[in-house]
Amino acid sequence: MPVAEMEVKQRADQWMLEQGLAGAELTVLDMTTPKTKYLAIQKFGELTKDEEALKAIGDRDKLFAREREGWTGFVEWENYPEKKAIAHKILIAQTFPPNPEFQLGPIPPTNPVLPGTHWKMWHEAVGGELTKVADDSWATVLKEKHPEMLHLLQFPYNGEPPKSLLTANDITPNSLHFVRNHGGIPLIDQDKFSFILDGLVAKPREYTMKDLMDESRFPRMTKTATMQCSGTRRIEQILKYPGQGDEVPQAPWAEGAIGTATYTGISLKKVIKECGGLIDGARHLEFYGADTYFKDNKVMNYLVSVPWSKVKANEVMLAWEMNGEVLPAIHGYPLRIMVFGYIGARSVKWLYRIKAIKEPSRAPVQSQEYLYFPQQVGKHNLKLTDGIQIQEMPVSSAIMSPWTKQVCIHNGKIRCKGWAYSGGGRWPERVELSADGGFNWYTVPVENLSKKRKWTWRTWEYDLPCDVEGWIEILVRCWDNAMNTQPPEIRTAWNWGLHVTSSCHRISVYSVNKSRAATKARLAEFEEKGIPFGPITVPLEFPAQTWDDYEKFWKEHDPRDPEDEY
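Residues numbered from 1 in each chain as written. Predicted model: local features only at pLDDT ≥ 70, side-chain atom pairs only at ≥ 80, totals over all residues. Heavy atoms only, no water.

- The name given to the protein chain in an unreviewed UniProt entry is Sulfite oxidase, with Trichoderma arundinaceum as the source organism.
- Recorded under Cofactor (unreviewed entry), the UniProt text for the protein chain is reproduced unchanged: "Mo-molybdopterin". (UniProt positions renumbered as here; feature names shortened; annotations may be inferred.)

The following block contains the structure:
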């Protein structure tokens, strides 16, 4: 058959498919039978609505109207199961288009990176007080955050500062502190604010901000603390071994989902003491946030808990001030929880209730998310009880400069900069760098580390010795005061939920050592001819060697192929 008459079956993107560059489009291979089967992948349609079912539900502006004066964007779900049931009917009466695939497909080159497709639609679908939350939240981001922030997810807002600004100071300015929200940003009038402490306490009470700020009742405390999201450095897991893909729980964080600030407030232990203490075997404190959270077509408020032992140790604060300023709205104004040394997910924002309970919270964020699964657990076999509920953060570190795939021209030393942190009240004791993939390590001098504090990171700088040229792999690792350090490979950190990337941070850079005469001369040629040196993949635009020099070499050395001897 002539080539022109052959039937063409492959797709236009066949090469990308075969090279794994469009993994979300690949069929599943079923090899459980003698002949391999090709299983279709899940496809999603467009937005559809059951108009009759939605009409029967009623007026959502009345069903989910504002409940508290001065609390914009807040719906209290936890005390109203009937409202939850109505919202559930609204959500199941519709089908929603998919979120953009960002693990097995290309990550969008935009800022914001991901829009929050489902979350915007869910808030709009429920309506009422949630109708404008997405717009109000984005307006708050633009008002309170630095213009250079990298917006990973527009709604609910997730954002991190650029690497060049993250470690510029060991205390992170409010405008550059990362934000990991799970719902919209409620806008709350402090004069209309109060929160309840109830459940298994002797004397349940309601508190206003005026009550909490009364120093005759509660002594002030100020603490400098690092907060880290358990998704920090998740992009490293995604790029090598994708996992559970959900744009909110699994946002593609880089190294900036960490920040350090000085908080002022009061110890939660003191407030519980004024309420007569815990009773009836209470062992956990459950925190309620005013933001609305969605899970499995159900709505709720943001709920998590921490053990009483953590509170009893004065390691949980009710905070209303951040870096000497009133707590920004995006960080929980007027009142938030700060849990020192734990993952950021436990430090609830827009606090409106604390409930003493016997066991860890059964709310989804505690029981279904922020779980660290074994390596061989995934979509095919997971059970929630397989996962460890993440609390304290392990030792970790990251290189902020240079960036991976960058070309570094140097005189035998590569200028490096980054951060190191350990949770649970431990602190970085030693930071080490390697320029050869982890075979030899250089210790960062203590004078190149920021101040040592119990609850905070340490930023560092170091001129890393490097004699070799070409591609090299730079690693960083931290040792904390308990002699914990980081596992060497990303594979050792991989888990289905893509949490806690605590392996040594690795970057690949291209080393150009100008202390070598030949390299120095070649770079001078680029400068003389006005030709940019980068990118390194572009072929050389002028002769690498004169023909006279070339011929001279072969006259003075053996030929390429040796002569036969007869």
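Further notes follow.
**Some thoughts on the overall build of the protein chain**
Consideration 1: From N to C terminus, the protein chain includes 14 helices and 29 strands.
Consideration 2: Each of the three principal axes of the protein chain carries a C-alpha extent, and together these read 105 × 70 × 45 Å.
Consideration 3: In the protein chain, buried positions account for 49% of the 566 residues.
Consideration 4: In the protein chain, the proportion of contacts linking residues at least 24 apart, taken out of those at least 6 apart, comes to 71%.
Consideration 5: For the protein chain, the accessible surface area stands at approximately 28,100 Å², while carbon and sulfur atoms represent 52% of it. (Helix = DSSP H or I, 4+ residues; strand = E, 2+ residues; numbered from the N terminus. Buried < 20%, exposed > 50% of the residue type's maximum accessible area, 1.4 Å probe, protein only. Contact = heavy atoms within 4.5 Å. Areas by Shrake-Rupley, 256 points an atom, 1.4 Å probe, with all protein chains shown as cover.)

**Things to note about the UniProt feature "domain: Moybdenum cofactor oxidoreductase dimerisation" (unreviewed entry) in the protein chain**
Consideration 1: Feature annotation in UniProt assigns "domain: Moybdenum cofactor oxidoreductase dimerisation" (unreviewed entry) to the following positions: residues 389–510.
Consideration 2: End C-alpha atoms of residues 389–510 are separated by 40 Å, and the span's content is 0% helix alongside 44% strand.

**With respect to unusual backbone geometry**
Glycine aside, negative phi is the norm for most residues, and most peptide bonds take the trans geometry.
Consideration 1: With an omega dihedral of 15°, the bond running from Asn111 to Pro112 counts as a cis peptide bond.
Consideration 2: Here Pro112 is to be found in the loop between β5 (94–95) and α5 (117–126).
Consideration 3: Backbone torsion omega between Gly534 and Pro535 reads -5°, so that peptide bond is classified as cis.
Consideration 4: Mapping Pro535 onto the fold places it in the loop between α13 (517–529) and α14 (547–556).

**Some words on the pattern of salt bridges**
Consideration 1: In this structure the tally under the stated criterion is 30 salt bridges.
Consideration 2: One salt bridge in this structure joins Arg11 and Asp13, with 2.9 Å as the shortest N-O distance.
Consideration 3: Given the relative accessible area of 22%, Asp13 is considered partly exposed.
Consideration 4: The partner of Asp198 in a salt bridge is Arg353, and the shortest N-O contact between them spans 3.0 Å. Of the two residues, Asp198 is situated in strand β10 (residues 195–199) and Arg353 in strand β19 (residues 351–357); the sequence distance between them amounts to 155 residues. For the pair shown, Asp198 and Arg353 are each scored as buried.
Consideration 5: Among the charged side chains, a salt-bridge network with shared partners connects Arg11, Asp13, Glu25 and Lys43. (Salt bridge = Lys/Arg side-chain N within 4 Å of Asp/Glu carboxyl O.)

**A closer look at the nonpolar core**
Consideration 1: Judged by nonpolar contacts, the single largest core of 116 residues is most densely connected at Phe195, Leu212, Leu268, Phe287, Leu318 and Ile354.
Consideration 2: Each of domain 1 (51–389) and domain 2 (395–513) accounts for three or more of the residues forming this core.
Consideration 3: Setting aside anything within four residues of it in sequence, one finds Phe195 in contact with Arg205, Glu206, Tyr207, Leu212, Leu318, Leu335, Leu351, Tyr352, Arg353 and Ile354.
Consideration 4: Judged by nonpolar contacts, the second largest core, of 21 residues, contains Cys408, Ile474, Cys478 and Ile507. (Core = buried A, V, L, I, M, F, W, Y, C linked by side-chain atoms within 4.5 Å. Domains from an automatic or database assignment.)

**What to know about a nonpolar patch on the surface**
Consideration 1: A surface patch of nonpolar side chains, about 450 Å² in accessible area, is lined by Trp547, Tyr550, Phe553 and Trp554.
Consideration 2: Relative to the elements of secondary structure, Trp554 occurs in helix α14. (Patch = residues over 30% accessible without salt bridge, like charges linked within 9 Å, V, L, I, M, F, W, Y side chains within 5 Å.)

**Considering the domain arrangement of the protein chain**
Consideration 1: Assigned domains of the protein chain: these are domain 1 (51–389), domain 2 (395–513) and domain 3 (517–556).
Consideration 2: For domain 2 and domain 3, the distance between their C-alpha centroids amounts to 34 Å.
Consideration 3: Each partner contributes residues to the interface: domain 2 has seven residues there, and domain 3 has four residues.
Consideration 4: Roughly 440 Å² of surface becomes buried between domain 2 and domain 3 when both sides are summed, with 85% attributable to carbon and sulfur atoms.
Consideration 5: Contact with domain 3 buries area across many residues of domain 2, yet Val407, Ile409 and Val512 alone supply 60% of it, more than any other trio.
Consideration 6: The interface formed by domain 2 and domain 3 holds zero salt bridges in total.
Consideration 7: Joining domain 2 to domain 3, the criterion identifies one residue pair in polar contact (both at pLDDT 80 or more).
Consideration 8: Those elements that provide at least two residues to the side of domain 2 that touches domain 3 are β23 (407–410) and β29 (505–513).
Consideration 9: Broken down by element, the residue count for the side of domain 2 that touches domain 3 peaks at three residues, all from β29. (Buried area = accessible area lost by both parts, 1.4 Å probe. Polar contact = N/O pair within 3.5 Å; in protein donor to acceptor, adjacent residues only side chain to side chain.)

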